[in-house]
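Structural features, examined
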Amino acid sequence: AEASIAWQEPLATFDRQARVHVVPEAAQIPQAQPLGAARAQLLRTYVVAETAAGIVLVDQHAAHERIVYERLKAERRAGSIARQILLLPDVVELDAAEARRLVAHAESLAALGLVVEPFGHDAVLVREVPAALGTTDTATLVRDVAGELTALGDAEIVEQAIDRVLATIACHHSVRAGRSLSVEEMNALLRQMETTPF
């Protein structure tokens, strides 16, 4: 009922509980845009888009994570993932085994855009991160990657394992559920989805 009332409002609004964000209606949806135009954001998690044939409901975090993941995979296939040098390297404390595992896989991680080096027996120094991540919580990213490497065991990183680490990295840059998106951001997400594999 709340959504149907909100849909009748002419301008972008938030309802009292900020559960539905409705955007102004666009004139027509071009056929070249199969995912249509953003019409609302539900629970700051889902984008509702109107298409020529109906509606599309998009989980904003899952969609953006896939976009970043596919971009990182494409960069890797093209030679290497673009990296961003940190102005101030981050020291990330871990348990000794995780720190050793990260250092042991430092070359493979550098190819994925994450440059680490040893810093004592229970920490690593992070010098570079994948450029696609922009501003990110480096410590959480490194701990999650260390956890992924622990789950993989000490076997040599193979293609499937690299993809899992890339997925972990992609998750850290993705738009989170609970974040309010502007009309432009919602439509940009839809356009990026249209050009992203899978």
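For clarity, every value in this text was computed on a predicted model and none was experimentally measured.

Their axes nearest at 10 Å, the elements helix α2 (residues 60-77) and helix α7 (residues 183-194) cross at an angle of 50°. One way to sum up the angle between α2 and α7 is to call them oblique. The element α2 and its partner α7 pack so that their crossing is left-handed. Residues Q60, A63, H64, I67 and R71 of α2 pack against L189, Q192 and M193 of α7. When its residues are assigned to classes, the contact of α2 with α7 shows four nonpolar, three polar and one charged.

So, on to the nonpolar core. Counting residues in each nonpolar core, the largest one holds 29 residues, and the members touching the most others are L102, L109, L114, V124, V126 and V145. Of all the secondary structure elements, the ones that give two or more residues to this core are α2, β6 (83-93), α3 (96-104), α4 (106-111), β8 (123-130), α5 (138-152) and α6 (159-173). In this structure L102 touches L94, L109, V116, V124, V142, V145, A146 and L149, once residues within four positions along its chain are discounted.

Taken as a whole and judged by the stated rule, the model has seven salt bridges. Note that E50 is salt-bridged to R39, the shortest N-O span being 2.7 Å. Of the two residues, E50 is situated in strand β4 (residues 46-50) and R39 in strand β3 (residues 37-42); the sequence distance between them amounts to 11 residues. Judged by its relative accessible area of 4%, R39 is buried. Between E194 and R191 there is a salt bridge whose closest N-O contact spans 2.8 Å. In this pair, E194 and R191 are both assigned in helix α7, three residues apart and thus about one turn of the helix distant. Overall, the relative accessible area of 27% leaves E194 in the partly exposed class. Residue class for R191 comes out partly exposed when judged on its relative accessible area of 23%. Each of R66, E70 and K73 takes part in one network of salt bridges that share partners.

With that settled, the discussion passes to unusual backbone geometry. A positive phi angle, near 50°, is found at R44, a position not held by glycine. Examined against the element boundaries, R44 turns out to sit in the loop between β3 and β4. What makes R44 partly exposed here is its relative accessible area of 33%. Of note in this structure, F198 is not a glycine but carries a positive phi near 60°. Within the secondary structure layout, F198 lies in the segment after α7. The exposure class of F198 is exposed, given its relative accessible area of 80%.

The next subject is α3. The complete set of buried residues in α3 reads E98, A99, R101 and L102. Summarising the axial view, the buried residues of α3 lie within an arc of 160°, below the 170-degree limit, and thus occupy one face. Pointing more than 90 degrees away from the buried face of α3 are the exposed residues R100 and A104. In this structure, the buried side of α3 is in contact with α4, β7 (115-118), β8 and α5. Measuring from the backbone nitrogen of A97 back to the side-chain oxygen at the start of α3 gives 3.0 Å, which picks out D95 as the cap.

For the rest of this paragraph, the subject is the sheet that holds β8. Read across the open sheet, the three strands follow the order β6-β8-β7; overall the sheet is antiparallel. Each edge of the open sheet carries a strand with a single partner, namely β6 and β7. With strand direction ignored, the average angle separating the axes of adjacent strands in the sheet is 20°. The sheet contact formed by β6 and β8 spans seven bridges and is antiparallel. Bridging from a neighbouring strand, I85 pairs with E128 of β8. Across the sheet, α3 is in contact with β7 and β8; its angle to β8 comes to roughly 45°.

Conventions we followed
- Residues numbered from 1 in each chain as written.
- Predicted model: local features only at pLDDT ≥ 70, side-chain atom pairs only at ≥ 80, totals over all residues.
- Heavy atoms only, no water.
- Axes fitted to C-alpha atoms, helices over the stretch in contact; angles between N-to-C directions.
- Helix = DSSP H or I, 4+ residues; strand = E, 2+ residues; numbered from the N terminus.
- Parallel < 35°, antiparallel > 145°, perpendicular 65-115°, else oblique.
- Left-handed = near helix turned anticlockwise from the far one by under 90°.
- Contact = heavy atoms within 4.5 Å.
- Nonpolar A, V, L, I, M, F, W, Y, C, P; charged D, E, K, R; others polar.
- Core = buried A, V, L, I, M, F, W, Y, C linked by side-chain atoms within 4.5 Å.
- Buried < 20%, exposed > 50% of the residue type's maximum accessible area, 1.4 Å probe, protein only.
- Salt bridge = Lys/Arg side-chain N within 4 Å of Asp/Glu carboxyl O.
- Arc of directions from axis to C-beta.
- Polar contact = N/O pair within 3.5 Å; in protein donor to acceptor, adjacent residues only side chain to side chain.
- Pairing = 2+ DSSP bridges.

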